[in-house]
Amino acid sequence: MSTPVFPAPRVLTNLRLDEVSSTGDVVLPLDSSNARPSALSLSNGMIWFGFVINDFHIQTIQPGEEVTCWVSFFNHEGALKSFPPGASFLFGDGVATRGVVKIVATETEPDRVL
């Protein structure tokens, strides 16, 4: 298991950063030290769940790149209700989407890898 940047509940994800956003803009590299992406839930209206990349080994994700990394949601319980393990969903900056995330496993159920 990788080393967290800070202590918080984490989920293991496959994160893919698109090359073009949903608004047609070029997507810039995602720098884990200052990026504050949000996951888009459409299950009960449009709700954005903020998260951070909480994985010491991931510094930057380039457009078009897919990585496996740990993330921490600011509202961990609410996010897991909207995004159960195995779910794929869009993420972005709260205005436009910039990629896709799939939850692979949670720290509390690390053996339940999807």
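If you're wondering where the values come from, they're calculated on a predicted model, not measured in any experiment. (Residues numbered from 1 in each chain as written. Predicted model: local features only at pLDDT ≥ 70, side-chain atom pairs only at ≥ 80, totals over all residues. Heavy atoms only, no water.)

## Here's the deal with the nonpolar core
And then number 1: Ranked by size, the top nonpolar core spans 22 residues in total, and within it Leu15, Phe51, Ile61, Phe73 and Phe83 carry the most contacts.
And then number 2: Of all the elements, strand S6 (residues 66-73) adds the most residues to this core, at four residues.
And then number 3: Those residues in contact with leucine 15 that sit more than four places away from it in its chain are Phe51, Ile61, Glu65, Glu66, Val67, Cys69, Phe91, Val100 and Val101. (Core = buried A, V, L, I, M, F, W, Y, C linked by side-chain atoms within 4.5 Å. Buried < 20%, exposed > 50% of the residue type's maximum accessible area, 1.4 Å probe, protein only. Helix = DSSP H or I, 4+ residues; strand = E, 2+ residues; numbered from the N terminus. Contact = heavy atoms within 4.5 Å.)

## Some words on the packing of aromatic side chains
And then number 1: For the structure on display, the rule yields five aromatic pairs.
And then number 2: Measuring from centroid to centroid gives 5.6 Å for phenylalanine 49 and phenylalanine 83, while their planes differ by 80 degrees, and the two rings are edge-to-face. Of the two residues, phenylalanine 49 sits in strand S4 (residues 47-53) while phenylalanine 83 sits in the loop between helix H1 (76-82) and strand S7 (88-92), which places them 34 residues apart along the sequence.
And then number 3: What makes phenylalanine 49 buried here is its relative accessible area of 9%.
And then number 4: Linked through ring pairs, Phe49, Phe51, Phe73, Phe83, Phe89 and Phe91 together constitute an aromatic cluster. (Phe/Tyr/Trp six-rings, centres within 6.5 Å; stacked < 30°, edge-to-face > 60°.)

## Some thoughts on the side chain of threonine 97
And then number 1: The topology assignment puts threonine 97 in strand S8 (residues 97-106).
And then number 2: By relative accessible area, which is 14% here, threonine 97 ends up buried.
And then number 3: If near-sequence neighbours (up to four positions away) are discounted, threonine 97 is found in contact with Ser21, Ser22, Leu40, Trp48, Leu90, Phe91 and Gly92.

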